[in-house]
Amino acid sequence: MIDVARLAGVSQQTVSRVVNNSTNVAPEVRERVELAITQLRYRRNPAARALATSRTMNIGIVSFGLAQYGPSVALTGIADEARQAGYATNLVTLASVDRPSMRAALDHLLADSVDGIVVLAPIDAAFHAIDGLDAGVPLVVFEPGGEEGTTNVATDEVTGARLATRHLLSLGHATVHQVCGPTGWLGTEARLAGWRAELAAAGAPAPEPFRGDWTTESGYRAGLAIAADASVTAVFVANDQMALGVLKALSDEGVAVPDMISVVGFDDVPEARFYIPALTTVSIDFAEVGRLAVDRILELMGGAVADPMPRISPRLVVRASTAEPLPADIDRASLSSRRRTS
């Protein structure tokens, strides 16, 4: 910093203000300092900064289920927001979630002196595991389908499921089946709750869900069962990965989408618009989950009085995989048979 100040012809305090993005620096002075920083390839010493600020400039993350779209995108949001705030991230992934493994993960991060922790493990077991545990630093959790809170970032997945179900009912389908996720996941329960609530509001029956495990393969198995059931005309699939499997199974069985069965997914993965047909789905900004989590940790570290964070709202993206049901006088089974023959 002394060398930068000498080359730029300013004081060390001015260099410090530029490095810390202070607005109290004249533009021409900032330009000289930034040029000197570039010429000298100056980098801040994180250890020295930690001593000066009583912070390590590291945020810890405890994660589970990063193979799923929502948590993986949220992780990217955390890393991006942390980096923009001058923080590094320290990631601990869990193979399974219980109280001992969660305590071990928190202890590992605390041993590395992180300034705050984000728990990115959207399953029931994670919330039971952290209940009553004292992390000693600000801790924020990702809670799909949760209520607004001061230390949790919630996505309104109940409303998302209602939007998907309402769309299919509005097209004229008598009811909507669901391919749900695995038990124990917060997203599974929220999407089931929203689907059931919308069916109940419309006076439509709620069929027994087809069970999946978030994977495309499980969606394919569910799709084969759906193709064999002539009563199914509309399906809400609880994530887009499983929806891809459902579409493939229906295609293999000669069941045209959306002519014979309408399909709606959830998540709006980047590939969804390239599915055949392009997938109608529910979109949630999971990157915003990560950004809000980091922002809240920084607020808590600064001693701010935190208000409850608003839930992240979903929106329905209508594409080509949904349509009105077939007229009652058309037999789907015979149509499917003719399609396979042709």
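One can find the structure itself at the top, above this paragraph.
Residues numbered from 1 in each chain as written. Predicted model: local features only at pLDDT ≥ 70, side-chain atom pairs only at ≥ 80, totals over all residues. Heavy atoms only, no water.

## Comments concerning the packing of aromatic side chains
Point 1. Counted by the stated rule, this structure contains five aromatic pairs.
Point 2. Judged by centre distance (5.9 Å) and plane angle (40°), the ring pair of F64 and W185 falls under tilted. Placement of F64 in the loop between β1 (58–63) and α5 (69–84) and of W185 in the loop between β6 (177–180) and α9 (186–201) is noted, with a sequence separation of 121 residues between them. Judged on exposure class, the residue F64 and its partner W185 are both buried. (Phe/Tyr/Trp six-rings, centres within 6.5 Å; stacked < 30°, edge-to-face > 60°. Helix = DSSP H or I, 4+ residues; strand = E, 2+ residues; numbered from the N terminus. Buried < 20%, exposed > 50% of the residue type's maximum accessible area, 1.4 Å probe, protein only.)

## Here's the deal with the pairing of strand β4 (residues 139–144)
Consecutive side chains of a regular strand alternate in pointing toward one face of the sheet and then the other.
Point 1. The buried count for β4 comes to five of six residues, which makes it a mostly enclosed element.
Point 2. One ladder, built from three bridges, connects strand β3 (residues 116–120) with β4; its direction is parallel. Looking at the pairing, V118 lines up with V140 of β4.
Point 3. Note that the unit made of β3, helix α7 (residues 124–130) and β4 has a crossover that is right-handed. (Pairing = 2+ DSSP bridges. Right-handed = clockwise from strand over helix to strand, strands pointing away.)

## As for the pairing of β1
Point 1. Of all six residues in β1, five are buried; the element is thus mostly enclosed.
Point 2. The β-α-β motif built from β1, the intervening α5 and the parallel element strand β2 (residues 88–93) has right-handed crossover chirality.
Point 3. Sheet analysis places β1 next to β3, joined by five bridges and oriented parallel. Following the sheet pairing, V62 is matched in β3 by V119.

## Focus on the sheet that holds β4
Point 1. Across the sheet, five strands lie side by side as β2-β1-β3-β4-β5; this open sheet has parallel pairing. Taken across any chain shown, the strands that pair with only one partner, and hence form the sheet edges, are β2 and β5 (152–155). In this sheet, neighbouring strand axes are inclined to one another by 20° on average, regardless of whether the strands run parallel or antiparallel.
Point 2. Of the strands in this sheet, β1, β2 and β3 are in contact with α5, which crosses β3 at around 165°. (Axes fitted to C-alpha atoms, helices over the stretch in contact; angles between N-to-C directions. Contact = heavy atoms within 4.5 Å.)

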